[in-house]
Structures are given as structure tokens and as C-alpha cells.
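Examining the three-dimensional arrangement
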Amino acid sequence: MRHIINKVKDYWHSDTSFITLLVMLIFMVFIMPVLVEGGVVDIFFLNVLFLTLYFIGIFSSEDRWNMYLSSFLFIAHVVLLMIRFDDTPKEYYLLERLVGLVNMSLFIYINVRLLFRDAESNTYRVIGAVNVYLLFALMGAFAFEILKIQTGKSIAGNIELHNNDTDYATYVYYSLVSLTTVGYGDIYPDGMASRMLSVLLSAVGILYPAVIIARLVSNNIVRKKTM
């Protein structure tokens, strides 16, 4: 059993794991919203995907304390899901989303550390940078949903929100629109907190690619000079 666990950890610590994560994130960010909106898949499947993502974070952690924290957050998320499986009381759903937001933040941190764990720069690391970008979109979706549940104001427009998992498609869409600074105008921020969050995501969307690309190029140049 320990041998299997070590092999799994070795894989998620390797650069090739970025490809597996990319496929999963593309499905969650671009395909899953369409399936949820069309009622093709059950919400249960969406929650399983997020739990899988958090479970991957446990094996991706190189630092022991990050692994412990990821494990704790994963268990907390499972417990909260079990509590509200047949019902979605506001307090449990809000707490679950808060745990999810912290878990997603930690997963981003873990992936950034994997991205720059040495001076290596290759195609896999570029894919890893894309993964972090998509994770920011998911984290933004959680943040907008938490604002809506807690304050009643988040995003508005030609939409209908239900304060449950069925809103996933709408929040991911708006988070991506903000992150990529597209701004179609069909959905807009409602309230100052949501406006500032939208601006923050836009700033991340502009600065992140420039900073990450510059860092990866710099690492590649340093590596070549030392060879």
C-alpha cells in the first residue's frame, strides 16, 4: 500500500502530471458548465470532481504541513457535503463554499510551488502555468458565490441565481469573463464588494501571464547559462 501511495505522490510531483490536471480543469471550467446548464449531468458529479481536485492537492503537496492542511480541508469538505446531501441549509452551504475557497487557494499555492520548484523551464511548466490560471477562475467563481449567499449582492443581469450548485455555470462564466478582461456586459457586478473582486480578477488576468512568462523565460536563460 505504501508503495502505491509513493508512486501516486511521485506522479503528482512530476511535470507530466500538469497534463492530467490540465485535461481535468478544461473539463471543469469549459465543458462542465455547459453540461450543468443543460441538465445533462447531476450536481453530485460536479461535487465529486471538486473533491477529486482537492484530493489531488494532498498528493501534490511537497511540504508536510501543506499535506496535513490539504487533508484536513478535504475531510471537512466531505463532511459538509454529507451534511447537506439531501438538503442545502444556507449556513452549511456557505461554510462548504468557504472551505472550498480556502482549499482552492491552497491548491493554487501548491501548484505555484511545483511550477517553480527549481530552475527548470519546459512545455510541462507552461501547461502548469495555464493550470494555475484556470484555478484562479474557479476560485473567483467561489468568491462571487460566497458574496451572493452572504450579502445578497454579487452579480446581476439576465440571469436567475438559486444559491445552490446549479449556479455553477453562471459564476464560472462571469469569473472567466472578469479574469480575461473580456467584459461582454451581459452580466455585471452588483455591489461594491463584487466590483472590487471583478477588478481584482481582471488585474490578476493581466499581470499573471506577464509575470509567469517572464519568470519561466528567466529560469530558462539561467539554466542555459549554467550548463
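This text follows the structure it describes.
In short, a report on the structure. As the structure is a prediction and not an experimental result, all values here were calculated from the model. (Residues numbered from 1 in each chain as written. Predicted model: local features only at pLDDT ≥ 70, side-chain atom pairs only at ≥ 80, totals over all residues. Heavy atoms only, no water.)

Points about the packing of helix H2 (residues 17–37) against helix H3 (residues 43–60)
Helix packing geometry: the angle between the two helix axes and the distance between the axes. In the contact formed by H2 and H3, the axes pass within 11 Å of each other and the chain directions differ by 160°. The orientation of H2 with respect to H3, classified from their angle, is roughly antiparallel. Crossing geometry of H2 relative to H3 is assigned as left-handed. Each of Leu21, Met24, Leu25, Phe27, Met28, Met32 and Val36 in H2 lies in contact with H3, whose residues at this interface are Ile43, Phe45, Leu46, Leu49, Phe50, Thr52, Leu53 and Ile56. (Axes fitted to C-alpha atoms, helices over the stretch in contact; angles between N-to-C directions. Helix = DSSP H or I, 4+ residues; strand = E, 2+ residues; numbered from the N terminus. Parallel < 35°, antiparallel > 145°, perpendicular 65-115°, else oblique. Left-handed = near helix turned anticlockwise from the far one by under 90°. Contact = heavy atoms within 4.5 Å.)

Quick notes on the packing of aromatic side chains
In the structure shown here, the tally under the stated rule is eleven aromatic pairs. Their ring planes at 85° and their centres at 5.7 Å tell us that Trp65 and Tyr68 sit as a pair that is edge-to-face. Residue Trp65 and its partner Tyr68 are both found in helix H4 (residues 64–83); the two are separated by three residues, about one turn of the helix. Residue Tyr68 is classed as partly exposed on the basis of its relative accessible area of 43%. What links up through ring pairs into an aromatic cluster is the set Phe50, Tyr54, Phe142 and Tyr168. (Phe/Tyr/Trp six-rings, centres within 6.5 Å; stacked < 30°, edge-to-face > 60°. Buried < 20%, exposed > 50% of the residue type's maximum accessible area, 1.4 Å probe, protein only.)

Brief notes about a nonpolar patch on the surface
On the surface, Ile75, Val79, Ile83 and Tyr92 cluster together into a nonpolar patch covering about 340 Å² of accessible area. At three residues, the largest contribution of residues to the nonpolar patch is made by H4. The residue Ile75 is located in helix H4 in this model. (Patch = residues over 30% accessible without salt bridge, like charges linked within 9 Å, V, L, I, M, F, W, Y side chains within 5 Å. Areas by Shrake-Rupley, 256 points an atom, 1.4 Å probe, with all protein chains shown as cover. Salt bridge = Lys/Arg side-chain N within 4 Å of Asp/Glu carboxyl O.)

Structural notes on H4
Taking 1.5 Å of rise per residue, 20 residues should cover 28 Å, and H4 covers 29 Å from first to last C-alpha, within 8% of that figure. Where H4 is concerned, the buried positions are Asn66, Ser70, Leu73, Phe74, Ala76, His77, Leu80 and Leu81. What you see down the axis of H4 is that its buried residues fit within an arc of 165°, all on one side. The outward face of H4, more than 90 degrees from its buried face, is lined by the exposed residues Arg64, Trp65, Phe72, Ile75 and Met82. The residue sitting at the N-terminus of H4 and contributing the capping side-chain oxygen is Asp63; that oxygen lies 2.9 Å from the backbone nitrogen of Trp65. (Expected span 1.5 Å × (residues − 1). Arc of directions from axis to C-beta. Polar contact = N/O pair within 3.5 Å; in protein donor to acceptor, adjacent residues only side chain to side chain.)

Let's talk about empty space enclosed by the protein
A probe matching the size of a water molecule, rolled over the atoms, marks out where space remains unfilled. Overall, the coordinates contain two cavities of 30 Å³ or more when judged by the stated rule. Of the voids in this model, the largest cavity is the one considered here, and its volume is about 40 Å³. Along its surface, the largest cavity is lined by Ser60, Ser61, Glu62, Asp63, Asn66, Ile110, Arg113 and Leu114. Among the residues forming the lining of the largest cavity, the class breakdown is two nonpolar, three polar and three charged. (1 Å grid on protein atoms, 1.4 Å probe; cavity = no way out; pocket = protein on both sides within 12 Å on 5 of 7 lines; lining within 4 Å. Points joined across faces, edges and corners; volume = space filled by probe spheres on them. Nonpolar A, V, L, I, M, F, W, Y, C, P; charged D, E, K, R; others polar.)

So, the nonpolar core
Of all hydrophobic cores here, the largest spans 62 residues; its most connected members are Met28, Phe50, Leu53, Met104, Leu135, Leu138 and Tyr168. Elements with a contribution of two residues or more to this core: H2, H3, H4, helix H5 (90–115), helix H6 (123–151), helix H7 (168–179) and helix H8 (192–226). For this core, the element with the highest residue contribution is H6, accounting for 14 residues. Leaving out residues up to four positions away in the same chain, Met104 has contacts with Phe50, Leu53, Tyr54, Leu135, Leu138, Met139 and Phe142. (Core = buried A, V, L, I, M, F, W, Y, C linked by side-chain atoms within 4.5 Å.)

A short note on the pattern of salt bridges
Across all of its chains, the model carries five salt bridges by this definition. Between Arg117 and Asp15 there is a salt bridge, and its shortest N-O distance comes to 2.5 Å. Taken together, the residues span a long stretch of sequence, with Arg117 in the loop between H5 and H6 and Asp15 in the loop between helix H1 (2–13) and H2 at a distance of 102 residues. Residue Glu145 is joined to Arg97 by a salt bridge in which the shortest nitrogen-to-oxygen separation is 2.8 Å. Placement of the pair is Glu145 in helix H6 and Arg97 in helix H5, with a sequence separation of 48 residues. Take Glu145 and Arg97: they sit in the same class, and that class is buried.

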